[in-house]
Amino acid sequence: MHLRIPGPTPCPDDVLKAIGRQMINHRGKPFAEMSNRITPKLQQCFQTKNDVFILTTSGTGGLESAVVNTLSPGDKVLGVSIGFFGERFAECAQVYGAEVIPLKYEWGKAVDPDDVRKALKDNPGIKAVTVTHNETSTGTTNPLKEIARVVREFDKLILVDAVSSLSSIDLPADAWDLDVVISGSQKGWMVPPGLAFASVSERAWKAHAAAKMPRFYFDYTRAKKFAADGQTPWTPAVSVYFGLDVALDIMLNEGLQNIFARHQRVADKARKWVKSRGMRLVPEERFASNTVTAVHAPEDMDVSKFLSTLRTEHQVEIAGGQGIMKGKVFRIGHLGFISEKDMDEMTEAMDKALAKAKKA
Ligand code: PLP
């Protein structure tokens with residue numbers, strides 16, 4: 001099966017081989033050596049000198065860690081949302097007692113940094129901004145650099161969901177001065193689900209020292225204490241670490257800029273196909289994501305037939321719409337282990353499935 005959903009993504013053979021290895025003691029030297037090898041490689045990918053922690057959890061756990069480690073109940077948070085995952089991040093802050101001031105956009109739109117400036121001006125008590133870099137539900141990449149610049153003007157914390165972008169789309173955490181940045185192993189990293197990564201700035205550490213939200217499993221202080229010995233406070237997903245170690249070598253061997261350029265080329269092919277078949281992208285093209293292409297299903301298209309034909313006749317699995325876009329949108333995942341040739345084969349298969357998915 002060619003898995004072309006926006007995560008989990010396919011893993012290269014060497015990664016699969018690595019995750020099949022026998023277990024090792026997570027309190028022993030070989031694990032610590034591996035962990036001490038992986039962390040600097042992750043820092044390279046995050047383009048940061050800040051701490052980067054590996055948490056055994058999914059991306060959502062990573063988002064939760066950002067919230068509980070930097071905020072206190074009653075803190076005002078600007079919850080910026082352009083879709084399903086932006087709403088999830090804001091909801092998480094709210095559940096932990098933050099007073100969330102929503103800055104919500106219609107799904108398919110990208111954030112206008114001037115709106116962030118206005119919201120921060122109108123609400124001087126805001127402590128932090130939660131924002132999604134790449135909104136997987138709508139295939140939209142926010143202008144994060146510009147958003148971050150605005151947040152800096154007001155000296156607030158910026159907590160970033162980069163689950164489906166980091167590793168595939170340029171995101172220099174230090175150059176953009178981001179406070180907590182979260183990603184997840186099952187996306188562009190080419191490894192199975194199970195790990196989230198969190199980079200933590202000096203500013204975030206200061207906030208952490210005063211933050212009162214309840215935290216235990218995701219406590220960054222505990223993570224840092226154990227990381228000093230190449231360990232984690234709790235039993236880590238050792239097999240995913242094995243895969244990640246190999247995947248990071250593959251990535252750094254290709255080079256970050258080359259990876260970003262490949263994702264751009266593959267995404268361009270997907271977008272070109274969509275337009276040439278008379279269909280519409282969900283976002284404005286200048287904000288269209290290089291990791292997932294979201295497409296409005298034409299009136300005469302049976303989306304579930306399209307997806308099932310691709311699956312059963314072409315062994316290609318793509319995704320439907322999420323939340324309010326269910327049944328109205330389909331999404332092509334093209335992140336991680338994917339080439340231009342793969343996308344050419346995909347568009348061929350999609351053409352055949354499209355013909356069969358026309359409503360009578
Ligand atoms: N944020 C974004 C942008 C995502 O794409 C996802 C997963 O699809 C998540 C958060 C949640 O990650 P997980 O499903 O690993 O908890």
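Some points on the overall build of the protein
Looking only at helices and strands, the protein has 12 helices and 15 strands in total. Relative to its length of 360 residues, the protein is compact, with a C-alpha radius of gyration of 20 Å against a globular reference of 21 Å. Considered along the principal axes of its C-alpha atoms, the protein spans approximately 60 × 55 × 30 Å. Element-wise, carbon and sulfur atoms account for 52% of the exposed surface of the protein, whose accessible area totals about 14,900 Å².

Quick look at the nonpolar core
Taken as a class, soluble globular proteins show a tendency for nonpolar side chains to be buried jointly. Membership of the largest hydrophobic core comes to 54 residues, with the highest contact counts inside it found for Leu78 and Trp189. A per-element tally of this core places helix 9 (residues 238-254) first, with eight residues. Looking at which domains feed residues into this core, each of domain 1 (14-253) and domain 2 (256-354) gives three or more. Discounting chain neighbours no more than four positions away, the residues touching Trp189 are Leu42, Cys45, Phe46, Leu166, Ser167, Ser183, Gly184, Phe197, Ala247, Leu248 and Met251. The next biggest cluster of nonpolar side chains, apart from the first, holds 29 residues, and it includes Phe53, Leu63, Ala93 and Val100.

Overview of helix 12 (residues 340-356)
Across its 17 residues, helix 12 extends 25 Å between first and last C-alpha, which sits within 8% of the 24 Å expected from 1.5 Å per residue. Close packing links the buried residues of helix 12 with helix 10 (256-276), helix 11 (303-314), strand 13 (316-317) and strand 15 (329-333).

Considering the pairing of strand 15
Strand residues, when the strand is regular, have side chains that alternate between the two faces of the sheet. When you tally the buried positions in strand 15, you get five out of five residues, the bulk of the element. On strand 15, burial covers both faces: Val329, Arg331 and Gly333 on one face and Phe330 and Ile332 on the other are all buried. Here strand 12 (residues 292-296) pairs with strand 15 via five bridges, running antiparallel. Following the sheet pairing, Ala294 is matched in strand 15 by Arg331. Bridge analysis of strand 14 (residues 319-320) against strand 15 gives two bridges, and the strand direction is antiparallel. Bridge pairing in strand 15 links Gly320 to Phe330.

Comments concerning the domain arrangement of the protein
Considered domain by domain, the protein is made up of domain 1 (14-253) and domain 2 (256-354). A separation of 26 Å is found between the C-alpha centroids of domain 1 and domain 2. For the interface between domain 1 and domain 2, the tally reads zero salt bridges. Taken together, the links from domain 1 to domain 2 amount to seven residue pairs in polar contact (both at pLDDT 80 or more). Among the secondary structure elements, those contributing two or more residues to the side of domain 1 that touches domain 2 are helix 2 (29-46), helix 4 (84-95), strand 7 (140-141) and helix 9. The residue makeup of the side of domain 1 that touches domain 2, split by class, is 10 nonpolar, 14 polar and two charged.

Digging into the sheet that holds strand 3 (residues 76-81)
Working definition: the strands of a sheet are paired by backbone hydrogen bonds and lie parallel or antiparallel to each other. The strand order across the open sheet formed by seven strands is 2-10-9-8-5-3-4, and the pairing between neighbours is mixed. For this open sheet the edge positions go to strand 2 (51-56) and strand 4 (99-104), each flanked by a neighbour on one side alone. Averaged over all pairs of adjacent strands, the angle between strand axes in this sheet comes to 20 degrees, irrespective of strand direction. The sheet contacts of helix 3 (residues 59-70) involve strand 2, strand 5 (126-132), strand 8 (157-161), strand 9 (180-184) and strand 10 (195-200), and relative to strand 9 the element is tilted by about 165 degrees.

Some words on the environment of Ser81
Note on placement: Ser81 falls in strand 3. Apart from the residues within four sequence positions on either side, Ser81 is in contact with Gly86, Glu87, Leu103, Lys104 and Tyr105. Engagement of the side chain of Ser81 in a polar contact is seen with the backbone oxygen of Gly83, the distance being 3.2 Å.

Focus: the side chain of Asp75
If you trace the backbone, Asp75 turns up in the loop between helix 3 and strand 3. Overall, the relative accessible area of 16% leaves Asp75 in the buried class. At a separation of 2.7 Å, a polar atom in the side chain of Asp75 contacts the main-chain amide nitrogen of Ser72.

What counts and how
Residues numbered from 1 in each chain as written. Predicted model: local features only at pLDDT ≥ 70, side-chain atom pairs only at ≥ 80, totals over all residues. Heavy atoms only, no water. Helix = DSSP H or I, 4+ residues; strand = E, 2+ residues; numbered from the N terminus. Rg over C-alpha atoms; globule rule 2.2 N^0.38 Å. Areas by Shrake-Rupley, 256 points an atom, 1.4 Å probe, with all protein chains shown as cover. Core = buried A, V, L, I, M, F, W, Y, C linked by side-chain atoms within 4.5 Å. Buried < 20%, exposed > 50% of the residue type's maximum accessible area, 1.4 Å probe, protein only. Domains from an automatic or database assignment. Contact = heavy atoms within 4.5 Å. Expected span 1.5 Å × (residues − 1). Pairing = 2+ DSSP bridges. Salt bridge = Lys/Arg side-chain N within 4 Å of Asp/Glu carboxyl O. Polar contact = N/O pair within 3.5 Å; in protein donor to acceptor, adjacent residues only side chain to side chain. Nonpolar A, V, L, I, M, F, W, Y, C, P; charged D, E, K, R; others polar. Axes fitted to C-alpha atoms, helices over the stretch in contact; angles between N-to-C directions.

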